[in-house]
Amino acid sequence: MEIKQIKNIIEAVLLAAGEPVTVKRLQNIFSEQELTYNDIAKALEQLGEDFLYRGLELNEVANGFRLQTKESLQPWISKLWEEKPKKYSRALLETIALIAYRQPVTRGEIEDVRGVAVSSYIIRTLMDREWIRVLGYRDVPGKPAMFGTTKEFLDYFNMKSLEDLPTLAEIKDMEALMPELDLDPKPKEDNFQAQFINTEEE
Amino acid sequence: MEIKQIKNIIEAVLLAAGEPVTVKRLQNIFSEQELTYNDIAKALEQLGEDFLYRGLELNEVANGFRLQTKESLQPWISKLWEEKPKKYSRALLETIALIAYRQPVTRGEIEDVRGVAVSSYIIRTLMDREWIRVLGYRDVPGKPAMFGTTKEFLDYFNMKSLEDLPTLAEIKDMEALMPELDLDPKPKEDNFQAQFINTEEE
Amino acid sequence: MSESKKYVAAKMAVQAELPFALVEGQPYTQMPTDLYIPPEALEVILEAFEGPLDLLLYLIRRQNLNILDIPINDITKQYIEYISVLEEMNFELAAEYLVMAAMLAEIKSRMLLPKPASEDEEEQDPRAELVRRLQEYERFKTAALDIDGLPREYRDYMLTSAHVESKQYHSIPPEVDMREIIMAFKDVLARADLKVSHEIEREVLSVRDRMIILIDVMRTKEFCTFDSLFNPKEGKQGIVVTFLAVLELLKTQVLDIVQNETYGQIYIQSLAQEGNNGN
């Protein structure tokens with residue numbers, strides 16, 4: 001099978017699917033042609049280049065590959081819809097930020113950092129949007145739920161994995177700035193990195 | 001505005017819209033560029049030609065223009081929706097078991113033994129799979145269908161005749177010989193655990 | 001300016017930029033625009049903050065101070081005066097704000113105490129915990145803005161899809177292990193009646209097998225002679241099995257038996273055919 005034909009099929013398939021498609025699923029589509037993972041990867045790479053001068057771009061997000069419109073065209077495309085894109089409240093954004101960077105994290109831990117109660121409404125909204133899920137329950141009194149983000153969250157914000165999250169600002173080195181403060185420098189920084197790689201599953 | 005850019009925007013708009021788009025609506029998108037109906041029509045024509053050697057085609061339908069996948073790629077595209085096999089339910093397994101061991105058997109008789117109604121879905125699934133067939137109708141009020149297994153059923157399980165079905169005595173032996181196989185399936189146990197973690201909210 | 005106009009002006013100012021600190025209705029140093037903000041507007045201001053940490057950060061930023069070097073006296077005074085105004089107007093203060101006020105007051109009082117002799121090296125700056133919390137909160141406040149800035153579906157890009165003429169769904173049936181069927185059978189029997197277990201002895205199964213064969217034979221012929229159902233080549237056992245199968249089918253009214261005269265030919269009639277519209 002010619003690479004051109006493979007690319008055409010992949011393009012059509014990605015647009016027919018209407019959702020991200022994994023390389024594995026693509027391989028299944030070419031099961032009769034017995035294409036390898038590398039064959040597909042190569043076709044995807046070339047397809048991505050073909051799109052450089054077009055209105056779409058090929059992007060890999062958490063759930064697979066998808067074709068999406070280019071950001072530069074948004075001023076025109078958005079005219080199709082009357083409705084303006086939704087704005088998210090700071091409370092919601094801070095909550096999802098804490099869940100994203102600190103997962104698995106309980107509601108109480110979120111509240112500790114934010115200094116205010118997290119409303120049930122926000123948790124429900126994030127659940128409904130399938131941006132977060134319950135990873136399990138912490139083994140402490142009350143068995144609070146531990147939250148983590150989903151692949152859908154990553155897809156929505158155009159990310160492939162949690163590593164694509166903007167770097168979290170470092171805690172300033174307080175000892176250097178305030179030598180009289182006997183502070184534990186950069187607490188949890190390392191833990192965070194470790195956690196966030198561990199919890200990124202499937 | 002260059003024709004190339006116009007084409008790119010139209011392509012992106014058509015694929016983002018998720019429905020056919022009229023020329024008028026397209027014109028509205030380029031309101032600031034003040035493109036005429038003809039400008040748009042010309043861009044659409046060129047776009048259609050660009051797609052000749054691609055996986056999509058531009059098509060005008062009653063409600064406007066849309067991009068659709070080419071008919072010739074249908075064999076590949078259909079593979080997208082090949083459903084992953086779902087495990088058969090306990091109810092279905094019990095139903096096929098009763099039909100196998102008790103044939104010819106009517107739905108009412110299966111229900112008598114199982115103590116619950118047999119859903120039409122189960123009968124249909126087993127029919128579709130060609131594991132069961134209607135052997136005839138019992139000569140009692142309501143003329144219920146009598147079900148029996150098919151040759152395909154025997155073939156699937158590598159049996160020549162119903163005599164190859166294990167007897168209860170053999171089932172007991174099997175359990176004794178292979179206790180580690182967990183033949184006595186406590187299926188709901190594990191499912192429950194999994195579900196519980198997935199769906200449990202706050 | 002009427003009250004309502006002032007209120008609107010204040011509200012607009014609030015929306016235009018971060019709200020400004022207000023003490024007992026009086027503007028604090030370097031106040032921007034309006035001179036007086038009615039209580040309703042203060043409410044709006046408080047809503048603009050995500051909590052006491054956010055408010056504190058704002059007060060610190062307003063004075064262009066490094067968090068690490070909080071002049072705790074000034075900030076405490078400002079903060080406490082701020083919330084006392086809110087209290088006066090019966091605004092339902094979130095408990096978190098009061099807790100923060102208490103914390104600030106505590107830090108302040110500890111700062112005022114003379115430092116104990118340096119024997120206790122472990123003694124921390126009382127501000128340390130506050131600084132830590134403020135920094136931690138600020139990181140996530142920034143992270144929230146960063147996430148808000150990520151390319152987002154519908155706002156920055158669109159998902160795409162093309163029309164597909166025919167979406168045919170293939171479904172692959174699941175694999176089934178014979179053991180699953182056996183176990184299901186065992187379970188259902190256990191539930192129903194353990195006494196029926198004898199029914200699945202080998203002989204019975206061969207009778208059932210024969211019953212099915214007979215039903216199929218009778219499917220094509222409406223009548224046949226009783227004799228023709230037996231195959232002498234199968235021997236005695238085969239004949240018995242067939243005979244039992246015929247009896248069982250008679251009992252369940254699948255077949256009927258017809259004899260027109262005494263000692264005449266016995267015919268078997270299929271009852272299952274009637275109304276047969278299945279396959």
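Our subject is the structure listed above.
Counting from 1, residues in each chain are numbered in the order their sequence is written. Starting at A for chains and at 1 for ligands, labels are handed out in the order in which the entities are written. Totals for whole chains, interfaces and linings use all residues, but because this is a predicted model, local features are given only for residues with pLDDT of at least 70 and pairs of side-chain atoms are given and counted only at 80 or more. Computation of side-chain values: all heavy atoms of the structure, hydrogens and water removed.

**Structural notes on the overall build of chain A**
Turning to step 1, where the next piece is worked out: Across its full length, chain A holds 10 helices and five strands.
Turning to step 2, where the next piece is worked out: Here chain A holds 202 residues, and the buried ones make up 51% of them.
Turning to step 3, where the next piece is worked out: As presented, chain A carries roughly 10,100 Å² of accessible surface, and 48% of it is formed by carbon and sulfur atoms. To qualify as a helix, a DSSP run of H or I must reach at least 4 residues; to qualify as a strand, a run of E must reach at least 2; elements of each kind are numbered from the N terminus. Three exposure classes are used, based on accessible area relative to the maximum for each residue type with a 1.4 Å probe and protein chains only: buried under 20%, partly exposed in between, and exposed over 50%. Residue exposure ignores everything except the shown protein chains as possible cover, and the areas themselves are Shrake-Rupley values with a 1.4 Å probe.

**What to know about the packing of aromatic side chains**
Turning to step 1, where the next piece is worked out: Aromatic contacts are taken between Phe, Tyr and Trp rings whose centres are within 6.5 Å, Trp giving its six-membered ring; a plane angle under 30 degrees counts as stacked, one over 60 as edge-to-face, and the others as tilted. All chains considered together, the criterion is met by 18 aromatic pairs over all chains.
Turning to step 2, where the next piece is worked out: When the ring of B:W131 is compared with that of B:Y156, the centres are 5.1 Å apart and the planes differ by 55°; the resulting orientation is tilted. Of this pair, B:W131 sits in the loop between α7 (120-128) and β4 (132-137) while B:Y156 sits in helix α8 (residues 151-156); the two residues are 25 residues apart in sequence, bridging distant segments of the chain.
Turning to step 3, where the next piece is worked out: Assessed through its relative accessible area of 29%, B:Y156 is described here as partly exposed.
Turning to step 4, where the next piece is worked out: Linked through ring pairs, A:Y88, A:W131, A:F153, A:Y156 and A:F157 together constitute an aromatic cluster.

**Overview of the sheet that holds strand β3 (residues 105-106) of chain B**
Residue and element names in this part refer to chain B.
Turning to step 1, where the next piece is worked out: Strand order in the open sheet made by the three strands is β3-β5-β4, with antiparallel pairing throughout. Since the sheet does not close on itself, it has two edges, and those belong to β3 and β4, each with one partner.
Turning to step 2, where the next piece is worked out: Bridge analysis of β3 against strand β5 (residues 145-149) gives two bridges, and the strand direction is antiparallel. Looking across to β5, one finds that T106 is bridged to M146. Note on pairing: two strands pair once DSSP finds at least 2 bridges between them.

**A closer look at helix α4 (residues 72-88) of chain C**
Turning to step 1, where the next piece is worked out: Residue count minus one, scaled by 1.5 Å, sets the expected span of a helix. Helix length check: α4(C), at 17 residues, gives a terminal C-alpha distance of 24 Å against a target of 24 Å (1.5 Å per residue), a fit within 8%.
Turning to step 2, where the next piece is worked out: Here α4(C) has its buried residues at C:I72, C:I75, C:T76, C:Q78, C:Y79, C:Y82, C:I83, C:V85 and C:L86.

**Some details on the interface of chain A and chain B**
Turning to step 1, where the next piece is worked out: The partner chain B presents 35 residues to the 39 residues of chain A that form the contact.
Turning to step 2, where the next piece is worked out: As a working definition, buried area equals the accessible area (1.4 Å probe) given up by two parts on being put together, with both sides summed. Together chain A and chain B conceal approximately 3,200 Å² of surface at their shared face, both sides included; 61% is due to carbon and sulfur atoms.
Turning to step 3, where the next piece is worked out: When residues of chain A are sorted by the area they lose upon contact with chain B, A:W76, A:K79 and A:L80 head the list and together hold 22% of the total.
Turning to step 4, where the next piece is worked out: A pairing counts as a salt bridge when a side-chain nitrogen of Lys or Arg comes within 4 Å of a carboxyl oxygen of Asp or Glu. For the interface between chain A and chain B, the tally reads four salt bridges. It only takes one pair of heavy atoms within 4.5 Å for two residues to be counted as in contact.

**Notes on helix α3 (residues 37-50) of chain A**
All names here are of chain A.
Turning to step 1, where the next piece is worked out: The terminal C-alpha atoms of α3 lie 20 Å apart, and with 14 residues this matches the ideal 20 Å at 1.5 Å per residue to within 8%.
Turning to step 2, where the next piece is worked out: Burial in α3 covers these residues: I40, A43, L44 and L47. Across the axial projection of α3, the buried residues extend over an arc of 105°, all falling on one side. Along α3, the residues that are exposed and aim more than 90 degrees away from the buried face are N38, K42 and E45.
Turning to step 3, where the next piece is worked out: Residues of α3 that are buried in the fold lie against α1 (3-17), α2 (23-29), β1 (56-61) and β2 (64-69). The arc in question is the one spanned by the directions pointing from the helix axis to the C-beta atoms.

**Brief notes about the packing of helix α3 (residues 52-62) of chain C against α4(C)**
Residue and element names in this part refer to chain C.
Turning to step 1, where the next piece is worked out: Axis lines are fitted through C-alpha atoms, for helices just across the contact stretch, and the angle between N-to-C directions can take any value from 0 to 180 degrees. Following both chains from N to C, one finds α3 and α4 inclined at 125°, their axes separated by 11 Å at the closest point. Here α3 lies oblique to α4, going by the angle between them. Crossing hand, α3 versus α4: right-handed. Contacts between α3 and α4 pair P52, L55, L56, L59 and I60 from the former with I75, Q78, Y79 and Y82 from the latter.
Turning to step 2, where the next piece is worked out: Residues are grouped as follows: Ala, Val, Leu, Ile, Met, Phe, Trp, Tyr, Cys and Pro are nonpolar; Asp, Glu, Lys and Arg are charged; every other residue, Gly included, is polar. Each residue belonging to the contact of α3 with α4 can be placed in one class, and the counts come to eight nonpolar, one polar and no charged. An angle below 35 degrees is read as roughly parallel, one above 145 as roughly antiparallel, one from 65 to 115 as roughly perpendicular, and any other as oblique. Each crossing is labelled by how the near helix is turned from the far one, with a counterclockwise turn of less than a right angle marking it left-handed and a clockwise turn marking it right-handed.

**Details of the sheet that holds strand β3 (residues 105-106) of chain A**
All names here are of chain A.
Turning to step 1, where the next piece is worked out: The strand order β3-β5-β4 describes an open sheet built from three strands, whose pairing is antiparallel. Bordering the open sheet on either side are β3 and β4 (132-137), each of which pairs with just one other strand.
Turning to step 2, where the next piece is worked out: The sheet contacts of helix α5 (residues 90-102) involve β3, β4 and β5 (145-149), and relative to β5 the element is tilted by about 90°.

**A closer look at the environment of B:P104**
Turning to step 1, where the next piece is worked out: In this structure, B:P104 sits in the loop between α5 (90-102) and β3.
Turning to step 2, where the next piece is worked out: Owing to a relative accessible area of 4%, B:P104 belongs among the buried residues under this scheme.

From the geometry alone we can't say anything about function, so treat these as descriptive.
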